Each structure stands twice: as structure tokens, then as C-alpha cells.
Amino acid sequence: MSSTTTFWQDVLSKGFRHIAEDLSLGQVQELFHTYSTHNYKPLPINLMRGDGIRVWDESGNEYLDFIGTYSATAHGHLNPTIVQALKDQLDAIAVTSRAFYSAEVGLFCKALADYSDLQMVCPMNSGAEANETCIKLARKWAYTVKGIPNDQAEIIVFQDNFHGRTTTIVGFSTEPAYKAGFGPFTPGFKVVPYGDIEAVKAAITPNTAAILGEPIQAEGGIIIPPDGYMAQLRQVCTENNVLLIWDEVQTGFCRTGKRFAWQYEDSKPDLLAVGKALGGGLLPVSAAVGTKEVMDVFQPGDHGSTFGGNPLGAAVAITALAVMETEDFAGKSERMGNLLMAKLHELPYEQIVEIRGRGLLIGFEVDDSIDTYKLSGNLTKNGILTKETRNKTFRLTPPLTITEDIVEDAVDRIDQAFRATLNG
Ligand SMILES: *Cc1c(COP(=O)(O)O)cnc(C)c1O
């Protein structure tokens, strides 16, 4: 990278990948330190290759990816069927303006609506955008259908929520680190404790437009609500003409052993935010999905995104859905999740205070005697990539394509990492 002109020429002649492959871990860290904002604190591993559940760093060390890009690589890295669909689409057209029609985007919206057992789709890119879209839909529905006075709509959200990082969304986060320094925040949100139906009932007013929640609070530490709670929320919403919005950006698409985590109870939403795994581990694809009554409030000009709804993303997402369905991802997730939890329960460490999860959205919580930074390091040394979320809970969200052998191998490695942490 001696002279800039040479660098641009190298990018074109050598190819960018070859330039990237030549860098050491130290050089990569230096680039991040100097040129990338410091809004993440990565572990010192430079991932250069992926295949299924396995990833490799620049020295060829192999790891099992148990973060799974926070569940975005549900199909594993570079799933060959989805990669082929992407390549095929690249022979035709990739990105079009929403000023025109695209057959691919139309088919994608129908497929996602059908898959979700809802009627219409508003395609976006990130999970945060999907939630922002749901918030806008709920507010406009409140004013134009429910008849709430202008600018008075309230949305009930939950303690320890995670819905993304936009200014509106962090404004109703209860995690100080997510919001400090970013105010003033958007009004119109009421925070109540998660899992307490009476608190929800007490928070409802004639101006309540919607309840926005996660069926399992993943970032919040894999918090599963009490049995019956999701159905109670649905009932409260129906009785009060309030929309139920489930954020299934992380829990959706078979992660918890069903297509969507709301399906564990009678709690079908009016609006659903999806993302992450919808992109097949290849591209950012998200959406708000909903009933016709709600989705119909959007008129031309009300909302949009340049890349939201493009043929390449549509081809990838629809193929991602097809793979999930034909390869029984829901069943796999349930079986492998149960096996993984059972094996974790067999570990002899009293420092593991709880193992929580549904399907392959699993967390194990350790007590205060465990240095989580050290355990993370030992997990990495033993070839398991994962990181703790809040509450000293380590998240296990591997690709749903994981096999029995790999589950057993992984638990052995976790066992070794524990032993190293306790002995050192
Ligand atoms: C990851 C996540 C989001 C945000 O998605 P981005 O694509 O990072 O914007 C929103 N909600 C939940 C539940 C998530 O896990």
C-alpha cells in the first residue's frame, strides 16, 4: 500500500481478495484501530474463510462458529444452494429502482407473506429498519384506522428489549450503554417489565397503538417468557384493539425449533419484523410482514429504502426460505437444540447456574466466580466461537445445519475450555 495509485491498480489487477489474504492479524487490527469506528470490541481473530459451521482464520486455524453471525448464518457459511441462486441471478440483474416492477421482488413478497402466514410484505435491509417500518405502520394505523388523535400514539415495549440501533429504537432501550450520548429521543414509547401481563394491562390506554416485543429476548440474555404469556399478550391486544408486533429478527426462521417463536403459543402477530437469517448468510435482507389491514396504510411516498426490495436480495431470500422448508430446518433446530441442551446439562460444573433455550437459541449462564473474558478466550483456543451477552450468559446460536457429531464435539470443547478456565 505504498502509493495510493498502485493500490487502486492492485485492487483491479490482483483482485481485492488477494490483497486481503496477504495481511497479518496485526495489520488487520491496525486497519480497524485507525480507520474503523470503535463501536465493536472484536476478539483477536481474523476470519478469512467459511464453509458450513466451520470458519478459518488467516493462519488456517479452524473454529466452529457458535455465534453464527447472531443467527444470520442459519444456513451455514456459503450454503451452496443459496450461493448458486445468487450466481444465477447475477447473470440477469442485481439491483433495480423501486420506481419499476421486478418479478423477483414480487415473488419474494408473496413467498415471505405465505411463509409467515400473513398477507403483505414491506422489504427492507436491516433488522433495525424492519422494526422502524413496523413502528411507522403501527402509528399510521393508529391514526387512520383506530382513530387515535394525531401524534398521541403510544407503543408498549419491554425492559431489556433489543430491536436495533437507530435513534428511535435506542431511545426506548433500557441498556444505558446503548443510549448514553444519543438523545434527545423519540417520544411515544412506554417500557414495562417483560413477562408480567398485569404490567402490560396497566400500561394500556385509549392511545395505545401497539405492543412491540421479542418472543425470546436473545440479546437480553436468552430470556424466555413465562408459559402462556405470549398468548395473554395476543388476547390483551385483541381486547383493546392494539396491534401485536413480534420482533423475530433473531428468533425467526426456525431458530427456536418452529418457523417463528410466536408459534409456541396462540399469539399470531399483526406485524412481524424479520431479518438476519432471511439473507441466507449472504446479504442483508429484512422485512416488515403484516396483515392487509395494517400494511394497506402505506401509500406511495410514505416509506422506502433504495436497496429494500432488490432482485438479488429477493433471489437469495426466497432460496433461503426454500432451503429451510425442504431441509426441515425447524425439525433440525428442535432436535439438535434438545441434544445440545442435554449435553450441556451433563457438564459437571456448578459454575453453570442455568441453561436456557428453545431450539438452537441457547444460552448458558455462569456465576460470578467465572471470568467471562477468560472463558471466551479458552473457548476460542478450543475452537468454539461465541461471546457472552448480558447477564454472564454465553450465547450458542450455531447454523441450523449442525449435525449430532458436531454437537458432541462442541460440548467436549466447551468442557475443555471450562477446565482450562477453572485451572488457570
Ligand atoms: C439483531 C437484531 C435486530 C437488529 O438487526 P440489525 O440487522 O442489526 O439492524 C433487531 N431485533 C432483534 C431481536 C435482533 O436480534
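This structure is a prediction, so every number in the text was calculated from the model and none was measured.

In this structure, what is going on with the overall build of the chain? I would like to understand it.
When helices and strands are counted, the chain shows 16 helices and 14 strands. What you see for the chain is a C-alpha radius of gyration of 22 Å, in line with the 22 Å of a compact globule of 424 residues. For the C-alpha atoms alone, the extent of the chain along its principal axes is close to 60 × 55 × 45 Å. Burial status across the chain gives 53% buried among its 424 residues. In the chain, once contacts between residues fewer than 6 apart in sequence are set aside, the share between residues at least 24 apart is 72%. Approximately 19400 Å² of the chain is accessible, and the part contributed by carbon and sulfur atoms is 53%. Separation of charge centres in the chain, based on 36 positive and 52 negative side chains, amounts to 2 Å.

Would you take a moment to explain helix α5 (residues 80-89) for this structure?
Counting along an α-helix, one turn takes 3.6 residues, and residues three or four places apart therefore face a common direction. Three or more residues of α5 are buried, namely Ile82, Val83, Ala85, Leu86 and Gln89. Taken around the axis of α5, the buried residues stretch over an arc of 160 degrees, which confines them to a single face. Capping the start of α5 is the job of one residue whose side-chain oxygen sits 3.1 Å from the backbone nitrogen of threonine 81: asparagine 79.

Is there a simple way to think about the sheet that holds strand β3 (residues 62-65) in this case?
Whenever strands of a sheet pair, they do so through backbone hydrogen bonds, lying parallel or antiparallel. Spatially, β1-β2-β3-β13 is the arrangement adopted by the 4 strands of the open sheet, whose pairing is mixed. The sheet is open, and its two borders are formed by β1 (47-51) and β13 (384-385), each paired with just one other strand. In this structure, β1 lies alongside strand β2 (residues 54-57), joined through 4 bridges in antiparallel fashion. Across the sheet, leucine 47 pairs through a bridge with aspartate 57, a residue of β2. Along the sheet, helix α16 (residues 404-423) contacts β2, β3 and β13; its crossing angle with β3, the most-contacted strand, is approximately 110 degrees.

Any chance you could explain the site of the ligand here in plain terms?
Residues in close proximity to the ligand include Ser126, Gly127, Ala128, Asn131, Phe162, His163, Gly164, Glu214, Asp247, Val249, Gln250 and Lys276, which together make up its full environment. Measuring from an oxygen atom of the ligand, one finds a side-chain N or O atom of glutamine 250 at 2.7 Å. Looking at which element gives the most residues to the shell around the ligand, the answer is helix α7 (residues 127-146), with 3 residues.

Please explain the sheet that holds strand β5 (residues 154-158) as it appears in this structure.
Strands sit in the order β4-β10-β9-β8-β7-β5-β6 across an open sheet of 7 strands; the sheet is mixed. The sheet is open, and its two edges are formed by β4 (120-124) and β6 (189-192), each paired on a single side. In this sheet, neighbouring strand axes are inclined to one another by 20 degrees on average, regardless of whether the strands run parallel or antiparallel. Across the sheet, helix α6 (residues 103-115) touches β4, β9 (271-274) and β10 (286-290), and the angle it forms with β4 is around 120 degrees.

Any chance you could explain the packing of α6 against helix α13 (residues 311-326) here in plain terms?
Between two packed helices, the angle of one axis relative to the other and the distance separating the axes together describe the packing. α13 packs onto α6 with a crossing angle of 35 degrees between their chain directions and a minimal axis gap of 8 Å. Where α6 crosses over α13, the two elements pack in a sense that is left-handed. Where α6 abuts α13, its residues Glu104, Val105, Leu107, Phe108, Ala111, Leu112 and Tyr115 lie against Pro311, Ala314, Ala317, Ile318, Leu321, Met324 and Glu325.

Mind showing me how you'd approach the environment of phenylalanine 7 here?
Topologically, phenylalanine 7 is positioned in helix α1 (residues 4-13). Phenylalanine 7 sits 164 residues away from glycine 171 along the chain, and the two C-alpha atoms are 42 Å apart.

Which parts of the structure should I look at to understand the pairing of β5?
Within a regular beta strand, the side chains point alternately toward one face of the sheet and then the other, so they alternate between its two faces. Of all 5 residues that make up β5, 5 are buried, and the element is covered over most of its length. Because side chains alternate across β5, one face comprises the buried residues Glu154, Ile156 and Phe158, and the other comprises Ile155 and Val157, equally buried. Inspection of the sheet shows β5 paired to strand β7 (residues 208-213) by 3 bridges, in the parallel sense. Paired with isoleucine 156 across the strands is isoleucine 211, a residue of β7. When β5 meets β6, the two strands line up parallel, connected through 4 bridges.

Cut-offs and rules
Residues numbered from 1 in each chain as written. Predicted model: local features only at pLDDT ≥ 70, side-chain atom pairs only at ≥ 80, totals over all residues. Heavy atoms only, no water. Helix = DSSP H or I, 4+ residues; strand = E, 2+ residues; numbered from the N terminus. Rg over C-alpha atoms; globule rule 2.2 N^0.38 Å. Buried < 20%, exposed > 50% of the residue type's maximum accessible area, 1.4 Å probe, protein only. Contact = heavy atoms within 4.5 Å. Areas by Shrake-Rupley, 256 points an atom, 1.4 Å probe, with all protein chains shown as cover. Lys, Arg positive; Asp, Glu negative; His and termini not counted. Charge placed at Lys NZ, Arg CZ, Asp CG, Glu CD. Arc of directions from axis to C-beta. Polar contact = N/O pair within 3.5 Å; in protein donor to acceptor, adjacent residues only side chain to side chain. Pairing = 2+ DSSP bridges. Axes fitted to C-alpha atoms, helices over the stretch in contact; angles between N-to-C directions. Near = heavy atom within 4 Å. Left-handed = near helix turned anticlockwise from the far one by under 90°.

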